[in-house]
Structures are given as structure tokens and as C-alpha cells.
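# Structural features, examined
Here's the letter readout for the chains.
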Amino acid sequence: MYYDLIASLPHLPHFLSAEHCPITPLRLRQRLGLLRPGDAELLQRVWPLVQWRGDGLAIESDHVIAERYRQLVESPVPGPLRGYLDYRMTQQTLLAALRRKQAAMGPPATALFADSSSPIHQISRNWEKPDFGLANVYPWLTGASDQLASGDALGLEQTMVELNWRWLSRMADQSVFGFAAVVAFVFKWDLLRSWLANDSAEAKQRFQKLIDRVTHVAD
């Protein structure tokens, strides 16, 4: 448990109402120095995969990213963190498939970031169906598809940030002073900092990069 660490972290306001980020990167790194070595190492391994701007993976292929993901999920990863990692990778796969469909391209060969039981493997089989027949599993798909089609990059980013913000808030509530709460704070802080740096042109460029990063979309 991380009572002292959690107590040292400021409250993060909701990203839509925030005017500034309440803790600097330097201060956050200093606070994270209280993590046990194993937890600190795990956070460093997961961070590049879920980081909102994802600059560290910008030049890496989908197969390299998939290999990082595979190595992580085959190693001991706490349930809440594994759940969020799967959630983010699923979102990226679905957004990439939406863009591919709207660009009149064929379905991707495989869902690189999902295990064999994931419903996103239905994408290829249900390519012609609205939202790949998955809107009942991922209700955000319909709105995201409309935003992507209309070029509303800032609206799409807001939708995605809100979804991740809610997921991370629930994760923190389930482990108020545990490692999962620390991870949730770090990733919400990243979302907040990214959102505050937004402008519509940057959001459009960033989402293009995020989706194109999965190279089986852009071929």
C-alpha cells in the first residue's frame, strides 16, 4: 500500500474544468520515487503503450508495439493494470479499423492487440455491418465513427479522453491506496496535461498520428 505517496499527490480536476495541471512532471517523478522497485519498473514498461501522446512509439511498427504488449501480458501484471492496458489497445485497434473502413480499405489481417477471446476479432467477419456489429459491446463506437467521418478531431479526442478518465477513476476507487491508484493518477495526469495543451489543429494531427501508428491501417 502507498499511503504516503497517495497522500502527497494533489487532486486532479476533471480535464474539462481544469485551468492548469496541479503538479509538474518533475514533482511527479519525485513522488514516484516512493514506489517499490518492481512497481516502478512495471510502470515504466506500461507507460509507453498507454501514454496519450505516444511520442515514444511514433516510429515503431505495429509488430514491435504488439510484441511489447505480448511480453507485458505474459508477465505478472496486476489485474486492474492489465485491464486498462487491454482497454487502451482495444480502443486503438477499433479506431484504426474505423478509419480503414471510412477510407474504403479492406479489413485488417488481424487484431494485433487482443487475445483470441476478444470480440474485436469480429471486425473482419462483420466488416460490412455498422460499427462491425460491436456497438453493443463498445457503445462509443457509433459516436466515434461519426466524429471521425466529419473530421471532428477535437470532439473525438474529448470522447476518448472522457472514456479513459472514467475507466481510470473507477480503477483508483477500487484500490484507494494501492499501486493501481498510483497508476490511475499518473495516467489521468497524462490525460489532463495533454488536454490542456490542445488546440484543434494539434488534436487533428495527433489523432492522425495515433491511428496511423498502427501500420496495418495505413499499409
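Above this text sits the structure in question.
Thresholds applied
Residues numbered from 1 in each chain as written. Predicted model: local features only at pLDDT ≥ 70, side-chain atom pairs only at ≥ 80, totals over all residues. Heavy atoms only, no water. Helix = DSSP H or I, 4+ residues; strand = E, 2+ residues; numbered from the N terminus. Buried < 20%, exposed > 50% of the residue type's maximum accessible area, 1.4 Å probe, protein only. 1 Å grid on protein atoms, 1.4 Å probe; cavity = no way out; pocket = protein on both sides within 12 Å on 5 of 7 lines; lining within 4 Å. Points joined across faces, edges and corners; volume = space filled by probe spheres on them. Nonpolar A, V, L, I, M, F, W, Y, C, P; charged D, E, K, R; others polar. Axes fitted to C-alpha atoms, helices over the stretch in contact; angles between N-to-C directions. Parallel < 35°, antiparallel > 145°, perpendicular 65-115°, else oblique. Contact = heavy atoms within 4.5 Å. Phe/Tyr/Trp six-rings, centres within 6.5 Å; stacked < 30°, edge-to-face > 60°. Salt bridge = Lys/Arg side-chain N within 4 Å of Asp/Glu carboxyl O. Lys, Arg positive; Asp, Glu negative; His and termini not counted. Core = buried A, V, L, I, M, F, W, Y, C linked by side-chain atoms within 4.5 Å.

Tracing the sequence through the fold places His-11 in the loop between helix H1 (3–8) and helix H2 (25–32). Taking relative accessible area as the criterion, His-11 reaches 67% and is therefore assigned exposed. With 11 residues separating them along the chain, His-11 and Pro-22 place their C-alpha atoms 7.6 Å apart.

All right, on to the layout of surface pockets then. In this approach, a probe sized like a water molecule rolls over the atoms, and the result shows the empty space that is left. Quantified by volume, the largest pocket comes out at close to 300 Å³. In this structure, the largest pocket is lined by Ile-6, Leu-9, Pro-10, His-11, Leu-12, Ala-172, Asp-173, Val-176, Ala-181, Ala-184, Phe-185 and Lys-188. Broken down by secondary-structure element, the contributors of at least two residues to the lining of the largest pocket are helix H8 (153–173) and helix H9 (179–196). For the lining of the largest pocket, the leading source of residues is H9, giving 4 residues. Taken together, the residues of the lining of the largest pocket break down into 9 nonpolar, 1 polar and 2 charged. Its volume calculated, the second largest pocket comes out at about 260 Å³. In terms of lining residues, the second largest pocket is bounded by Pro-25, Leu-28, Arg-29, Leu-32, Leu-35, Ala-40, Leu-43, Gln-44, Trp-47, Val-186, Trp-189 and Arg-193. Taken together, the residues that form the lining of the second largest pocket break down as 9 nonpolar, 1 polar and 2 charged.

To continue, consider the packing of H2 against H9. H9 packs onto H2 with a crossing angle of 175 degrees between their chain directions and a minimal axis gap of 12 Å. By the angle between their axes, H2 is roughly antiparallel relative to H9. Facing H2, whose interface residues are Pro-25, Leu-28 and Leu-32, H9 presents Val-182, Phe-185, Val-186, Trp-189 and Arg-193. Here the contact of H2 with H9 is composed, by residue class, of 7 nonpolar, no polar and 1 charged.

Our next topic: the packing of aromatic side chains. For the structure shown, the criterion picks out 8 aromatic pairs. The rings of Trp-47, Tyr-84, Tyr-87, Trp-167 and Phe-187 are connected pair by pair, giving a single aromatic cluster.

Enumeration according to the criterion identifies 5 salt bridges in this entry. Of the charged contacts in the structure, one is a salt bridge between Glu-41 and Arg-45, with a shortest N-O distance of 3.9 Å. Taken as a pair, Glu-41 and Arg-45 lie in helix H3 (residues 37–50) at a separation of 4 residues, close to a single helical turn. By relative accessible area, Arg-45 is classed as partly exposed at 30%.

Right, let's get into the side chain of Lys-188. Locating Lys-188 in the fold gives a position in helix H9. For the buried Lys-188, no salt bridge exists, and the shortest N-O distance to an oppositely charged side chain is 7.2 Å, to Asp-173. Each residue touching Lys-188, except ones within four places of it in the same chain, is listed here: Leu-12, Trp-165, Leu-168 and Ser-169.

This part takes up unusual backbone geometry. One non-glycine residue, Asp-131, lies in positive phi territory at about 55 degrees. Its location among the elements puts Asp-131 in the loop between helix H6 (122–125) and helix H7 (141–150). One non-glycine residue with positive phi stands out, namely Phe-132, at about 60 degrees. Of the residues examined, Phe-132 reaches a relative accessible area of 0% and is grouped as buried.

Below, the discussion takes up the side chain of Arg-88. Along the chain, the position of Arg-88 falls in helix H5 (residues 79–102). Buried charge without a partner: Arg-88 forms no salt bridge, and the closest opposite charge is Asp-190, 6.5 Å away. Ignoring any residue separated from it by four or fewer positions in sequence, one finds Arg-88 in contact with Val-50, Gln-51, Trp-52 and Asn-164.

Looking now at the nonpolar core. In terms of nonpolar packing, the biggest core is built from 59 residues, with Trp-140 and Phe-187 touching the most fellow members. Mapped onto this core, the elements with two or more residues apiece are H1, H2, H3, helix H4 (62–73), H5, H7, H8 and H9. With 13 residues, the top contributor of residues to this core is H9. Every residue in contact with Trp-140, bar those within four places of it in the chain, is listed here: Gln-91, Leu-94, Leu-95, Met-160 and Leu-163.

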